[in-house]
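# A closer look at the structure
These are the residues of each chain, in order.
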Amino acid sequence: LHSLSPIQMAKKYFQIYPEERDPIWMNPCDDRRHYNIWSTKKSCYQFPRFLIIGPQKTGSTALYTFLQQHPSLLTNLPSNRTFEEIQFFNGPNYQKGIDWYLEFFPLSNLMDKFNISTTISNVTPALNNNNMNGTLVHNQRNYFARTPPNYLEESMHYYEKSSTYFDGEQVPVRVHSLLPHARIVMILISPTFRAYSWYQHMRVHNLSVALQFSFYEVVSLNIPDKHLLDKITMKRLRDLRNRCLNPGMYAIHIERWLSFFPQQQITIIDGEELRRNPISVMDHLQTFLKLEPHIDYRQKIRYDHHKGFFCPINPSTNGTKCLGKSKGRQYPKMNRLAWKYLHRYYWHHNLALSKLLNRLRINLPNWLVTELSKKS
Ligand code: A3P
């Protein structure tokens with residue numbers, strides 16, 4: 001019997017099945033055979049219980065920091081490259097695999113916040129009576145690490161926010177394979193203003209085409225002497241236009257998520273409501289996420305007149321700790337030409353969104369009603 005070396009065998013395999021070159025990671029906690037051969041240093045509790053998927057510029061960072069105030073929630077460790085966002089499911093990071101992802105959700109942080117002794121005596125009296133060997137803490141930690149899913153009463157959860165997930169083509173299938181039980185949180189504001197906010201964001205980051213061309217020119221590509229522009233500038237312009245416009249085609253992206261996740265696992269937050277009335281939004285969100293305890297966000301966030309936004313309260317000083325100057329920027333009002341162009345551009349997308357929300361029996365946000373009632 002002749003056999004190829006493992007590498008040659010792998011090459012042959014992918015020649016025959018090229019479509020399998022892209023991995024799809026599945027959750028080891030959902031299959032006992034996988035779970036049994038999984039590292040004993042890992043725990044199912046490390047996987048985030050819910051994801052805030054964006055899109056960008058809708059208030060996702062504000063929501064992320066408000067949730068940090070909840071006593072049962074923990075966020076991922078920051079990434080060196082993308083700060084608070086891991087951006088695992090949408091880009092090249094996905095190829096790095098589950099272990100890479102889980103490093104952002106260390107078991108040690110979870111256990112430090114988790115009341116293990118209470119849980120063990122409540123849930124596993126038999127094991128407790130059996131007198132675990134070694135030091136108690138050591139055994140509790142090991143035990144916690146290898147406890148099968150749904151065995152312990154859950155009380156601390158990780159969550160993640162990556163605002164590029166919303167419109168990533170591959171993201172829903174990948175999230176569903178790894179985190180089939182996760183809840184998905186999306187935030188929508190007027191796509192026109194979302195696009196404008198992204199354009200302003202890129203200007204602050206000194207993106208040459210955002211500095212060189214007006215917002216209207218970027219979104220409409222209606223540029224004097226366009227034929228004189230070189231290929232690189234045209235490509236950068238098109239890329240910026242896409243990042244301004246594509247996430248705002250809300251219905252298309254939501255339908256994609258709905259083809260993988262049941263509606264019960266998805267919540268759609270009105271970003272303008274989050275900005276104006278975050279206390280009530282946080283109240284509904286806690287119910288949707290089934291968070292325990294259900295806290296009163298009036299004790300956790302407060303309107304800051306200087307910032308012009310709600311901000312978390314710092315318990316030691318009782319002052320507010322607002323997001324940095326990159327969130328909630330001051331910039332000129334959008335000009336009428338750009339508004340008219342985008343109003344027309346998004347008309348069918350907004351109409352499709354209103355039909356989708358009606359189908360899902362979700363109240364239309366005010367901005368959507370306004371945009372659909374205005375003539376350009
Ligand atoms: P602008 O800076 O254009 O005003 P994201 O975090 O998803 O990128 O969204 C950034 C946007 O969140 C900001 O856009 C701002 O309008 C909005 N936002 C909503 N609530 C906020 C808050 N409490 N603090 C700061 N920004 C908030």
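See the structure above.
To keep things clear, this report deals only with the structure shown in the data block. Note that the structure is a prediction, hence the values are computed from the model and not measured.

Within the element layout of this structure, E160 appears in strand 3 (residues 157-161). Of the side chains with opposite charge, K161 comes closest to the buried, unpaired E160, at an N-O distance of 9.1 Å. Within the structure, E160 has its side chain in polar contact with the side chain of Y165 (distance 2.7 Å). Setting aside residues up to four positions removed in sequence, E160 forms contacts with P48, F50, L51, I52, N76, I86, Q87, F89, Y101, F105 and Y165.

All right, on to the pairing of strand 4 (residues 183-188) then. In terms of burial, strand 4 is a largely internal element, 6 of the 6 residues being buried. Burial of strand 4 is two-sided: the residues R183, V185 and I187 facing one way and the residues I184, M186 and L188 facing the other way are all buried. Relative to strand 4, strand 1 (residues 50-54) is paired through 4 bridges, and the arrangement is parallel. Looking at strand 4, one finds that G54 is bridged to M186. Two strands pair when backbone bridges link them, and strand 4 and strand 5 (residues 266-270) are joined in this way by 5 bridges, in the parallel orientation. Bridging across to strand 5, I187 finds its partner in I269.

Their axes nearest at 9 Å, the elements helix 10 (residues 191-204) and helix 17 (residues 336-359) cross at an angle of 125°. The angle between helix 10 and helix 17 falls in the class oblique. For the pair formed by helix 10 and helix 17, the contact residues are P191, T192, F193 and A195 on the first element and W339, L342, Y346 and N350 on the second. Its residues assigned to classes, the contact of helix 10 with helix 17 comprises 6 nonpolar, 2 polar and no charged.

Our next topic: the pairing of strand 5. Counted residue by residue, strand 5 has 5 buried out of 5 residues, so it is predominantly covered. Taking every second residue as pointing to the same face, both faces of strand 5 are buried, with I266, I268 and D270 on one and T267 and I269 on the other.

About the cut-offs
- Residues numbered from 1 in each chain as written.
- Predicted model: local features only at pLDDT ≥ 70, side-chain atom pairs only at ≥ 80, totals over all residues.
- Heavy atoms only, no water.
- Helix = DSSP H or I, 4+ residues; strand = E, 2+ residues; numbered from the N terminus.
- Buried < 20%, exposed > 50% of the residue type's maximum accessible area, 1.4 Å probe, protein only.
- Lys, Arg positive; Asp, Glu negative; His and termini not counted.
- Salt bridge = Lys/Arg side-chain N within 4 Å of Asp/Glu carboxyl O.
- Polar contact = N/O pair within 3.5 Å; in protein donor to acceptor, adjacent residues only side chain to side chain.
- Contact = heavy atoms within 4.5 Å.
- Pairing = 2+ DSSP bridges.
- Axes fitted to C-alpha atoms, helices over the stretch in contact; angles between N-to-C directions.
- Parallel < 35°, antiparallel > 145°, perpendicular 65-115°, else oblique.
- Nonpolar A, V, L, I, M, F, W, Y, C, P; charged D, E, K, R; others polar.

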